[in-house]
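# Survey of secondary and tertiary structure
For reference, the chains in residue letters:
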Amino acid sequence: MPASHSFVLTGRLLTFFERPQSVEDHEAYAFWQDGAIAVQDGKIVWRGDVGDLPGSFANWRRVDRSKHLVLPGFIDAHTHYPQMEVIGSYGAQLMEWLETYTFEQEARFSNIDHSREISSKFLDELIAHGVTTAAVYTTSHPASTDAFFDAAETRNMCMIAGKVMMDRNAPETILDTPQRAYDESKTLIRRWHKCGRLQYAITPRFAITSTPDQMAVAQSLLQEHPDCFVQTHLSENVFEIDETLRLFPKARDYTDVYEQFDLLGSKSLFGHCVHLSLRERSALADSSSVAVFCPSSNLFLGSGLFDYRGLLDAKVRVAYGSDVGAGTSYSMLATAADAYKICQLNNFSCNPLESFYGLTLGNARALSLESEIGTLEIGSDADLTVLDSRATNAMATRMRSIESLSEELFVLQTLGDDRAIAETYVAGVALKSSPDLSD
């Protein structure tokens, strides 16, 4: 990893303070048409209008990105790195998709060399798409978690991940036991949690693949390590809900399975949350748990339509996740585009400023990391994405009639992909840089 040098990056800066309620909610964000960010030792030490840049930065190296938008690095709150080789697999809903494609590939991650190869490819793909932080599922094999964290540490990335815990309803090659899940997770937490920019997530895959004994292990791990995250899946698919209630007959509903084991909380990330009752919404809201909106995956697997507006109205904390590999893109721009379409089907038009808030500060807040990432505030880590709104012919043509920032953002989320990511900075180091740009 190259050292982070002091420099001033100029460009069209955008950072958020709150969730914009409309395209006219200018108090929710700051936008500098001619902005500058001063970066030193991987941190933002100044930002504002370039005309106000203090003289103390006059001799710092200048990086001119004046034609581009500069935002905090994108954040993905739910994804599976071992599913790189199943993304785009045809013709199945959730359980069939797992059994036909996913479980077979995940068995390969007992091999450390395979885990290292895919970890590296996965993180490089995130960087190519402007994603600098993610909450990541590994597999049940400790090697898969060690390899992922090692690759993230090498790149100095802020990452959350955890060994998947599962002890039933899957092939033996990817199952553990409650005791192994406890012992292996405990070792991984000691090794990686709060190591540099890394954090650990206690990760029971979902209720169908964890016995009550293993759920109790997850509970014990969280009691022993209360500053760890919890990540799992909740109410993605109607069959999944029915099967969960069959396996846990004393539960009031799917959410209650996790409630009974004290797994709800402000650092608990529940992927999908498509089919929640009013009681479940209240339980998530009261516990400050996070419902992670995975629109691309929900569309691809036919799981249902996430009630984005309804959950926000119920005071549930909401984040965005790609859910690769059932999600069909590593791009958080594509995730925002699919989220917009699902909201439209639910009779709500999510404005583009709100979408980009979600991909940056909104997701940082959902991960309880807003003091470190997700903004351009002084003291934040210099994780940045530099966006080119004219990256393709189609985008450049559309941009000829654009008259506002919100319209430009909507073009990016609707037509953009990795080509729209001109650069990605991680702690002040450009891990992606376009050959067309020069200092």
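For the structure, check the block above.
Residues numbered from 1 in each chain as written. Predicted model: local features only at pLDDT ≥ 70, side-chain atom pairs only at ≥ 80, totals over all residues. Heavy atoms only, no water.

### Details of the pattern of salt bridges
It is possible for side chains bearing opposite charge to pair when their charged atoms get close. Put simply, the rule is: For salt bridges, the criterion is a side-chain nitrogen of Lys or Arg within 4 Å of an Asp or Glu carboxyl oxygen. Runs of E in the DSSP output that reach at least two residues are strands. Runs of H or I that reach at least four are helices, and both are numbered from the N terminus. Burial classification: accessible surface area is computed with a 1.4 Å probe over protein chains only, and a residue below 20% of its type maximum counts as buried, one above 50% as exposed, and the rest as partly exposed.
The final tally for this structure, using the stated rule, is 28 salt bridges. Residues E85 and R108 are paired through a salt bridge, measuring 3.1 Å at the closest nitrogen-oxygen approach. Remark: R108 occurs in the loop between α1 (94–106) and α2 (112–128) and E85 occurs in the loop between β5 (74–80) and α1; sequence separation between them is 23 residues. Residue E85 is classed as partly exposed on the basis of its relative accessible area of 42%. R309 serves as the salt-bridge partner of D313, at 3.5 Å between the closest nitrogen and oxygen. A residue pair is termed a helical-turn pair when its members lie 3 or 4 positions apart in one helix, as D313 and R309 do in helix α10 (residues 308–313) at four residues. Using a relative accessible area of 52% as the deciding quantity, one classes D313 as exposed. Under the relative-accessibility criterion, R309 is labelled partly exposed at 24%.

### Some points on helix α4 (residues 178–192)
Note the following rule: By definition here, a helix of n residues has an expected span of 1.5 Å times n minus one. By definition, residues are in contact when any of their heavy atoms lie within 4.5 Å.
The terminal C-alpha atoms of α4 lie 21 Å apart, and with 15 residues this matches the ideal 21 Å at 1.5 Å per residue to within 8%. If you check which residues of α4 are buried, you get A181, E184, S185, K186, L188, I189 and W192. Looking at the packing, one finds that the buried side of α4 touches α3 (142–154), β8 (164–165), β9 (198–204) and α5 (212–224). Backbone geometry just downstream of α4 places K194 in the positive-phi region, at approximately 65°.

### So, the nonpolar core
Just so we agree on the cut-off: The term nonpolar core refers to a set of buried residues drawn from Ala, Val, Leu, Ile, Met, Phe, Trp, Tyr and Cys, joined through side-chain atoms within 4.5 Å.
By size, the foremost hydrophobic cluster in this structure holds 112 residues, and its most contacted members are F122, M159, I202, Y258 and Y308. Broken down by element, this core gets its largest block of residues, six residues, from helix α11 (residues 332–345). Apart from residues no more than four positions distant in its own chain, Y258 is found in contact with F206, A207, M215, T232, H233, L234, L263, L264 and F270. Among the nonpolar cores identified, the runner-up in size contains 17 residues, and I160, V292, A366 and L367 belong to it.

### Concerning the packing of aromatic side chains
As a reminder, the rule being used: Centres within 6.5 Å are what make two rings of Phe, Tyr or Trp a pair, Trp counting through its six-membered ring; a difference in plane orientation under 30 degrees is then read as stacked, over 60 as edge-to-face, and the rest as tilted. Our definition puts a charge over a ring when NZ of Lys or CZ of Arg is within 6 Å of the ring centre and also within 35 degrees of the ring normal.
Using the criterion set out here, one finds 21 aromatic pairs in the structure. With a centroid separation of 5.8 Å and an interplanar angle of 25°, the aromatic rings of Y254 and Y258 are classed as stacked. Of this pair, Y254 and Y258 both sit in helix α7 (residues 254–260), four residues apart, roughly one helical turn. Overall, Y254 belongs to the buried group, its relative accessible area being 1%. Among the residues examined, Y258 registers a relative accessible area of 0% and is labelled buried. Note on F293 and F306: the rings are 4.3 Å apart at their centroids and 10° apart in plane angle, and the pair reads as stacked. Here F306 lies in the loop between α9 (295–300) and α10 and F293 lies in strand β12 (residues 290–293), a separation of 13 residues in the sequence. Classification of F306 by relative accessible area gives buried; the value is 0%. Linked through ring pairs, Y81, F109, F122, F148, F149, W192, Y200 and Y330 together constitute an aromatic cluster. It is K267 that lies over the ring of F229; its NZ or CZ is 4.4 Å from the centre.

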